[in-house]
Amino acid sequence: MKKQFIIGALASALMSTAAFAENLKVGFITTLTTPAAVIGNDQKNAVDLAMEHLGGKLGGKPAEVVFEDDGFKPEIGKQKTDKLVQDDDISIIAGYIWSNVLMASAKPIFDANKIMISANAGPSVIAGKRCNANFFSTSWQNDQTPMAMGEYLNQSGVKSIYVMAPNYAAGKDMAAGVARVFKGEIKGQDLTTWPGQLDFSAELAKAKASGAEAIFVFYPGKAGGAFMKQYQQAGLKGAMDLYTVFSVDGISLPKMQAGKLDGVLGSKLTNQWDPTLDNEANKKFVADFKAKHGTYPSFYAAQAYDSIKLIDSAVAAVDGDMKNIDGLKAALKEAKFDSVRGNFKFGNNNMPIQNFYLREVVEDADGKWATKVVSTVYTDHVDPHASDCKL
Amino acid sequence: MSAQKKAANLDEYLKAPSLFGFGIGRIMTIVLMVLLFILPLIAWYMGNKFYLDFSSRIVCLAIAAVSLNLILGFGGMVSFGHAAFVGIGAYAVGIPSHHGYESAWLHFPLAMIAAAFFALVTGAISLRTKGVYFIMITMAFAQMAYYFFLSLEEYGGDDGMTLWSRSDFGFLNITDKLTFFLLSYALLALCIYLVFRIVNSRFGMVVRGCNSNEARMKSLGYNTYAYRLTAYVISGAMCGLAGALMANLQDFITADTMTWTRSGELMFMVILGGAGSVFGPIFGTGVFLLFEEILSAYTIYWHLPFGVLLILSVLFIKGGVNGLIQRAWKT
Amino acid sequence: MSTLFLIQLLNGLQLGVLLFLLAAGLTLVFGIMDFVNLAHGSLYMLGAFVCASLTFFTGSFVWGVVFAIPIIAIIGYLFEVLIVRHLYESNHLDHVLATFGIILIADTLVQLSWGPEGIAIPLPDYLSGQVEILPDIIFPTFRLLIISSGLLIAAGLYWLITYTRLGMLIRAGASNRTMVSALGIDISTLFAGVFALGAVLAGVAGMLIAPITEATIGMGNDIIITAFVVIIVGGIGSMKGAFIAAILIGIIDTLGRSFLKDILEIFNESASAETAGPALSSMLIYIIMAIVLALRPQGLFPPKVR
């Protein structure tokens, strides 16, 4: 009985690979379970919206996006990537929220001469030493966003800051990024256990005691909300100004508003994109996304939307011939699509060269918490690892 | 009492498990081992490399499960920290590679020695405790190892490290998926044979005797602590081997493989197959991974039916898949 | 430095109290039914989510807690009757596996019913401020509330166990289970009741922490291991041990996170202390547990007769 089941399962699994080849397929790996699924769902919504805008076609051919869940774990992400590459023989695989999932999945894609498009993660290795012609990014390199924040802190004359981030690679990158640019004094720095630690009482007490003028934090996902809450409860609003990267976004703001965390209002953040950016593609994206889901899209969603539009432009260039990897790569590099962030071009390491904006958390016309662009911090910024890349 | 007499006493006390089991168990195990060998080869022949890799994963994890079974199934030591050995084995491949030493003849022995050493140190402390204290202290040591490797920024830390080229065996090129599968399969067969020999040896009898009645073994004059510790170290070394293989299969090494949920999964593989039977863990690993693969293909909420399956198997399938088949055959 | 130390001590006390609420239920269930419940953390998570929903429904956190408690008690009771009851005869290994399965089910069900994003619980104004306890020592009101309610519950448990008939049965059960059933006590009702009590304690812990960290999926899985460390260090089945170990571990963990890096920096250059500090402070509680077990394999306060 069990044996028959196993044989049957294996046989059916083998069979399913042989059939079906009519739709053009693109893979998208993101996180659809665990609390981080909130980011993955936002990306999935944006991908679905992009496909809707494109009439269910990529490059004019009927197409389908195959979603896979990485379960927030690098080896699951790698297994799913293997499956898309080897079992489904898909040429372009996009997505990848997390640096570690991206790094685990990169080798099988490059070895099979397929194409990887990051819609979020931007670890320094892939931008520098291990850059690859089969890799493209519609997001940013980790260092860029905190560097923009450091630059803004210099411009606005902040003298001293306290830094808090989770103790994992991206967290350390963010802390290093701001320190690279910031000219004032860093009074102290705490790297907290990730992802387990959500109670920051000990660190906030230290930050308060340090006497720093402002606090810089990086807490993505669920930790962001927890941090804001405790920042407010510790009475730091007004005492220490809050500057964040990747901690406040379209996903967390409605929840923060429901939880009455008004400590976040007026706090500053930096990003390469904002829902209020003034261009046609962005207006359409934000309006349709809001109409469909009732909330502002997050920057994760914007990047995912861009990745599909980018793929569309490349598939059109090779006229749907997904076996033409060189043609696809050349077309991707051109980046001939209307990005929601306005101008978009790739650098030598296939990371975008783009503007970075200072954003502020405000209440919008409907009374919803949102963000607006305050100023442009960097124009056409190239990431600091591009010079290590030999492409 | 002479050593021979002691052994003779034990022989009556413990009936030796046979390599292939009895009746239907024998047929089933042979059939499954053959299937595990043939099906991937058919898939490979048909041009689908994914199922070859998938089978390699079953084989590698089966080695870990077999090693856990040695102490859990036969020795009654419920280790809730076996994932640590897998992780240590994996880093024994990754760390030398990072520094340019890519020989498999360095990686694999190092993996086993490092894991054995960790087993020796932690086992020496853990085995002083009993029951649930043992479950929890092994878990605590695994968590320590997890946080330790997490903090090694040089070796990727939280991001993990990509193994840009696999261990170099010289004459064997394990970058080739088929060669890798054949090598792991051979090592699995070797491990099974070793475990079989161990549990049927005088040493194995003592360890199993400790499981059934430690006081009795002590009264027979055995230093039960030393016997159990030796078994624990052997199991750790074997699990380190599984880790070295896993690292090469995944081309990626992460501390995540050492978290307590991973140890729980390994335990489940052993229990599902039937603890204390030489082949049980292979059943268990195969069924576990197949369920995971099939369920997760249908729904992202596959943890729900998977959890139900777990509870049902604990409530209703005593002795795992192996026991189930044995009973079905008898009735 | 000294004010910071005092504040961190209070923070540690708050974590310790929370750990005690979780550990008390664990050690009760363990001591009396000899049942290892990994899914205890799922009750903690459910407490937080149920309380969050009720807070938005009633418009007040206090009412949310009041109505959530009986719901968690019922969930705990059903849990015992439907699943746990059938596992008392099995070994610890089966307990670990079955309750591991329950964790998977609970996490998925919570994602299906509340979505993955988690819920932030708003606090009434009188709870969301800070108070000045001593000159220069300003502490969030809500954290003080956690400490005081946790200590009150601890005192209540002490009274329950020392002075009531139920407590007598619990103590008797922890030291000799067979004897209690021989006394003609309705064991199954007692067990279900004790299990529901443990569930409520875990649920309350979840409700108390949720306004600080939000209710999130898997929140219980992170803390349950620490709670296990607490009952192992304290000695399984001992309420006194659980209390002392919980406070101890809460304080050590908090102080470690706060000062370990600075201490390391004294001995070592800054760069390695920067990464070794957080790693070592994460390992600290496990190191303590290993040391305690190496010296006293039954924990600090093992129940006298077993």
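What counts and what doesn't
- Residues numbered from 1 in each chain as written.
- Chains lettered and ligands numbered in written order.
- Predicted model: local features only at pLDDT ≥ 70, side-chain atom pairs only at ≥ 80, totals over all residues.
- Heavy atoms only, no water.
- Contact = heavy atoms within 4.5 Å.
- Buried area = accessible area lost by both parts, 1.4 Å probe.
- Salt bridge = Lys/Arg side-chain N within 4 Å of Asp/Glu carboxyl O.
- Buried < 20%, exposed > 50% of the residue type's maximum accessible area, 1.4 Å probe, protein only.
- Helix = DSSP H or I, 4+ residues; strand = E, 2+ residues; numbered from the N terminus.
- Polar contact = N/O pair within 3.5 Å; in protein donor to acceptor, adjacent residues only side chain to side chain.
- Nonpolar A, V, L, I, M, F, W, Y, C, P; charged D, E, K, R; others polar.
- 1 Å grid on protein atoms, 1.4 Å probe; cavity = no way out; pocket = protein on both sides within 12 Å on 5 of 7 lines; lining within 4 Å.
- Points joined across faces, edges and corners; volume = space filled by probe spheres on them.
- Domains from an automatic or database assignment.
- Patch = residues over 30% accessible without salt bridge, like charges linked within 9 Å, V, L, I, M, F, W, Y side chains within 5 Å.
- Areas by Shrake-Rupley, 256 points an atom, 1.4 Å probe, with all protein chains shown as cover.
- Disulfide = S-S within 2.5 Å.

Chain C puts 43 residues into the contact, and the matching count from chain B is 38 residues. In this assembly, chain C packs against chain B so that about 3,600 Å² is buried in total across both faces, 83% of it on carbon and sulfur atoms. In terms of surface lost to chain B, no three residues of chain C exceed Leu93(C), Leu97(C) and Tyr286(C), which account for 17% of the buried area on that side. Linking chain C to chain B there are zero salt bridges.

The next point concerns the pattern of salt bridges. Under the counting rule described, the total for this entry stands at 31 salt bridges over all chains. Of the charged contacts, one joins Asp278(A) and Lys283(A) as a salt bridge, the two residues approaching to 2.9 Å between their closest N and O atoms. Exposure remark for Lys283(A): the relative accessible area of 44% places this residue in the partly exposed category. Of the charged contacts, one joins Asp306(A) and Arg341(A) as a salt bridge, the two residues approaching to 3.1 Å between their closest N and O atoms. Residue Asp306(A) is located in helix α12 (residues 299-317), and its partner Arg341(A) is located in the loop between α13 (325-334) and β12 (345-346); the two are separated by 35 residues in the primary sequence. For Asp306(A), a relative accessible area of 0% translates into the label buried. Overall, the relative accessible area of 6% leaves Arg341(A) in the buried class. Salt bridges linked by common partners bring Lys107(A), Asp111(A), Arg166(B) and Asp251(B) together as one network.

Taken together, the 36 residues of chain B in the interface contact 33 residues of chain A. Across the chain B to chain A interface the summed buried area is about 3,700 Å²; carbon plus sulfur atoms make up 63%. Of all residues in chain B, Phe50(B), Asp159(B) and Trp164(B) give up the largest surface area on contact with chain A, accounting jointly for 18% of the area buried on that side. With a shortest N-O distance of 2.7 Å, Arg262(B) and Glu75(A) are connected by a salt bridge. Put simply, chain B and chain A have six residue pairs in polar contact (both at pLDDT 80 or more) between them. Among the secondary structure elements, those contributing two or more residues to the side of chain B that touches chain A are α2 (23-45), α3 (50-74), α9 (224-250) and α11 (280-298) of chain B. With seven residues, the top contributor of residues to the side of chain B that touches chain A is α11(B). Class assignment for the residues of the side of chain B that touches chain A results in 18 nonpolar, seven polar and 11 charged.

Bringing the layout of surface pockets into the picture now. In this approach a probe as big as a water molecule rolls over the atoms, and the regions it shows empty are the leftover space. Empty space within the second largest pocket amounts to approximately 920 Å³. Forming the boundary of the second largest pocket are 32 residues, of which Val125(A), Lys129(A), His98(B), Glu154(B) and Gly156(B) lie nearest the centre. Of all the secondary structure elements, the ones that give two or more residues to the lining of the second largest pocket are α5 (124-127) and α7 (169-181) of chain A together with α4 (83-98) and β1 (161-162) of chain B. When residues in the lining of the second largest pocket are grouped by element, the largest group, five residues, is from α7(A). Across the lining of the second largest pocket, the residue classes tally to 10 nonpolar, 10 polar and 12 charged. Shared between two domains, the lining of the second largest pocket holds at least three residues of each, these being domain 1 (2-140 + 279-346) and domain 2 (144-271 + 355-388) of chain A.

Residues and elements named next belong to chain B. A contiguous nonpolar surface patch, about 420 Å² in accessible area, is contributed by Ile30, Val34, Ile38, Ile42 and Met46. Turning to its location among the elements, isoleucine 30 is positioned in helix α2. Here isoleucine 30 falls in the partly exposed class, since its relative accessible area comes to 40%.

The next subject is the state of the cysteines. One pass over the structure, following the stated rule, counts one disulfide over all chains. Between the sulfur atoms of Cys131(A) and its disulfide partner Cys389(A) the distance amounts to 2.0 Å. Given an S-S torsion of about 85°, the disulfide between Cys131(A) and Cys389(A) has right-handed geometry. Taken together, the residues Cys131(A) in the loop between α5 and β6 (135-137) and Cys389(A) in the segment after β14 (369-381) connect sequence positions 258 residues apart. Look at Cys389(A) and you get buried, because its relative accessible area is 7%. Unpaired in this structure, Cys239(B) has its nearest cysteine sulfur neighbour in Cys191(B), at a distance of 10.0 Å.

Interface size is commonly expressed as the accessible area that is lost once the parts come together. Residue and element names in this part refer to chain A. According to the domain assignment, chain A consists of domain 1 (2-140 + 279-346) and domain 2 (144-271 + 355-388). Computed over C-alpha atoms only, the centres of domain 1 and domain 2 are separated by 28 Å. Listed per partner, the contact involves 19 residues of domain 1 and 23 residues of domain 2. The junction of domain 1 with domain 2 conceals about 1,700 Å² of combined surface from both sides, 65% of it contributed by carbon and sulfur atoms. Of all residues in domain 1, Trp140, Tyr296 and Phe299 bury the most surface against domain 2, accounting for 33% of the area lost on that side. In this structure, lysine 345 and aspartate 380 form a salt bridge, with 3.8 Å as the shortest nitrogen-oxygen distance. Contributing elements (two or more residues each) for the side of domain 1 that touches domain 2: α2 (37-53), α5 and α12. Sort the elements by how many residues they give to the side of domain 1 that touches domain 2 and α2 lands first, with three residues.

Before going further, it helps to spend a moment on empty space enclosed by the protein. Residue and element names in this part refer to chain A. Applying the stated criterion across every chain, the model contains nine cavities of 30 Å³ or more. Counting residues per element, the ones that place at least two in the lining of the second largest cavity are α7 and α12. The residue inventory of the lining of the second largest cavity, partitioned by class, reads 12 nonpolar, three polar and no charged.

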